[in-house]
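Structure assessment
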Amino acid sequence: MTRALDSRQNAGPCPPVAILYDASRIVELDGDSASYTDIAYTGEMTNVELFCRYVEDEPLRAEIELDFAFGKGPKGTSNQHTYNYWVAVTRRSSKVLAKQYFSVDANFAGGKVDGHQEVIQDIIIPRADSTISGANFEVVVGFDLTEEQLAFNREGRRYRLDAGSGS
């Protein structure tokens, strides 16, 4: 894979990037219970990397590579499914400066598990001038969850992507 950003030494550090734990996975249920038999689709963010470039006193430009793993449960009715997620730029451990929403499609035609990598280019880190380091910012990613899905995750509940498939 060729990177959109060149490989010269940066003038400073890139912002740290992380997957927000509470929003790192999604379980979509179709039914009244949270049992395995009511699972339609699952998703998990498995890895994220950030690459950035300093250019004089301009805002930092960053590229993110985000790895996903997707699963289809017993109530999944389609071999195609769209998952929504977000990327947020924050001041270090505080205020959100920018948040963008994206979607990724999973294809289950070959089985019940699908993996995918998304590359998001041109994430802007809004530093005021060349004296501001990328270390003053963070980039955080997560699935766009409902209140119920967020509560499910916060309770520590989860299902393996291939649960019950005989794998």
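Parameters and conventions
- Every chain's residues receive numbers from 1 upward, in the order its sequence appears when written.
- Only residues with pLDDT of 70 or above have their local features reported here, since the model is predicted, and side-chain atom pairs are shown and tallied only from 80 upward, although totals for entire chains, interfaces and linings are computed over all residues.
- Note that water and hydrogens are dropped before the side-chain values are worked out from all heavy atoms of the structure.
- In plain terms, two cysteine sulfur atoms within 2.5 Å form what is called a disulfide here.
- Strands are runs of DSSP state E lasting at least two residues, helices are runs of H or I lasting at least four, and both sets are numbered from the N terminus onward.
- The rule is simple: take the accessible area with a 1.4 Å probe, protein chains only, and divide by the maximum for that residue type; under 20% is buried, over 50% is exposed, in between is partly exposed.
- By convention in these notes, a salt bridge is any Lys or Arg side-chain nitrogen within 4 Å of a carboxyl oxygen on Asp or Glu.
- Buried Ala, Val, Leu, Ile, Met, Phe, Trp, Tyr and Cys residues form a nonpolar core when they are joined through side-chain atoms within 4.5 Å.
- Residue contacts are counted whenever heavy atoms from the two residues lie within 4.5 Å of one another.
- The pairing criterion is simple: DSSP has to find at least two bridges between the two strands.
- Orientation is described by lines fitted to C-alpha atoms, with helices fitted over the stretch in contact, and by angles between N-to-C directions that extend from 0 to 180 degrees.

1. A closer look at the state of the cysteines
Scanning the entire structure with this criterion turns up 1 disulfide. Between the sulfur atoms of Cys14 and its disulfide mate Cys52 the distance is 2.2 Å. Here the S-S torsion is close to -100°, and the disulfide linking Cys14 with Cys52 is therefore left-handed. Highlighted residues: Cys14 in the segment before β1 (17-19) and Cys52 in strand β3 (residues 39-53), separated in sequence by 38 residues. Taking relative accessible area as the criterion, Cys52 reaches 5% and is therefore assigned buried.

2. Focus: the pattern of salt bridges
One pass over the structure, following the stated rule, counts 4 salt bridges. The partner of Arg154 in a salt bridge is Asp22, with the nearest N and O atoms 2.8 Å apart. Placement of the pair is Arg154 in helix α1 (residues 147-154) and Asp22 in the loop between β1 and β2 (25-29), with a sequence separation of 132 residues. Its relative accessible area of 57% is what places Arg154 among the exposed residues. Look at Asp22 and you get partly exposed, because its relative accessible area is 24%.

3. So, the nonpolar core
Ile64, Tyr83, Tyr85 and Phe143 are the most contacted members of the largest nonpolar core, which totals 34 residues. The set of elements that each furnish at least two residues to this core consists of β3, β4 (60-72), β5 (80-91), β6 (96-107), β7 (113-125) and β8 (137-143). Every residue in contact with Ile64, bar those within four places of it in the chain, is listed here: Val48, Glu49, Leu50, Val87, Glu118, Val119, Ile120, Ile123 and Val139.

4. Quick word on the sheet that holds β4
The strands making up a sheet associate through backbone hydrogen bonding, with each pair oriented either parallel or antiparallel. Spatially, β2-β3-β4-β7 is the arrangement adopted by the 4 strands of the open sheet, whose pairing is antiparallel. Two strands bound the open sheet, and with one partner strand each, they are β2 and β7. Across the sheet, the mean angle from the axis of one strand to that of its neighbour is 20°, orientation sign disregarded. Examined bridge by bridge, β2 and β3 share 5 bridges and lie antiparallel to one another. Residue Val27 lies in a different strand from β3, and its bridge partner there is Thr42.

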